[in-house]
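# Descriptive analysis of the structure
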Amino acid sequence: IQLNDLDGYIRRMGEGSLVEWLSFLSFLFSSYLLLKASSNDLKKQDRIILKIGSIILFIFSMEEISWGQMIFNWRSPNLMNTINRQNETNLHNIIFIHDKSWIILLCIFFTTFILSLIGFFLRRKQQIKIGSISDILLPLGCCSSYFACASLIYFGVVLLKSGVYVPFLHTREQEMGELFFAIGLFIHSCYLFINCEIPYKLKEY
């Protein structure tokens, strides 16, 4: 509210900032945890879902750093430059997706928020078995606050992109929304890693 250096704030909040790097690390560690959880003695379909989730989160993490371009600073291939709005090596800035990416992400964030609420009520009634498909796909209730923050920020971003003025919000703060989403997934991934490993360890004894 009392910010004086808006440009400095945006640099610390925008692309390539610590916020984006934290999102990258959260997605990457979440991907690793799901991959490790999939190696336990679970049902075949549960292992497949965990591996698919691991792949998806790995793609999310690589998209955050443009598949290493932010680290090694290479030039995008000419073909990618012709179809990428920001001349970067990533998918979310491709011409066909770029203008719709905010709405797509808002739908993803809000969907995970609803799923986490459903997961909260079902776990409260003890209707979800540890390591089941429902346990994997329905995030913990505590994750709902992170997904809610991500949804609210991105709802404001969508309004701003549509030309609607939103007080105290800048479009670059979308990176903060993505970080909230990434942390929520990381928490749920930690839960799956720990709880999917327990039945496997018990069988060893």
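Just above, that's the structure.
Residues numbered from 1 in each chain as written. Predicted model: local features only at pLDDT ≥ 70, side-chain atom pairs only at ≥ 80, totals over all residues. Heavy atoms only, no water.

Let us look at helix α9 (residues 144-161). Taking 1.5 Å of rise per residue, 18 residues should cover 26 Å, and α9 covers 25 Å from first to last C-alpha, within 8% of that figure. Following α9 by one or two positions, Gly163 has its phi on the positive side, about 95 degrees. (Helix = DSSP H or I, 4+ residues; strand = E, 2+ residues; numbered from the N terminus. Expected span 1.5 Å × (residues − 1).)

What follows covers the environment of Asn90. Inspection of the secondary structure assignment puts Asn90 in the loop between α5 (78-83) and α6 (95-98). Expressed as a C-alpha distance, the spacing of Asn90 and Trp67, which sit 23 residues apart in the sequence, is 6.7 Å. Once residues lying within four places of it in the same chain are set aside, the contact partners of Asn90 are Glu63, Ser66, Trp67, Met80 and Asn84. Here Ser66 takes part through its side chain, which lies 3.1 Å from a polar atom of the side chain of Asn90. In this structure the side chain of Asn90 is engaged in a polar contact, spanning 3.0 Å, whose partner is the side chain of Asn84. (Contact = heavy atoms within 4.5 Å. Polar contact = N/O pair within 3.5 Å; in protein donor to acceptor, adjacent residues only side chain to side chain.)

With that out of the way, let us pick up the environment of Gly141. Inspection of the secondary structure assignment puts Gly141 in the loop between α8 (133-137) and α9. Through-space distance from the C-alpha of Gly141 to that of Gly184 is 9.9 Å; in sequence the pair is 43 residues apart. Ignoring any residue separated from it by four or fewer positions in sequence, one finds Gly141 in contact with Ser116 and Phe120.

Interpretation in functional terms is not warranted from these geometric data alone.
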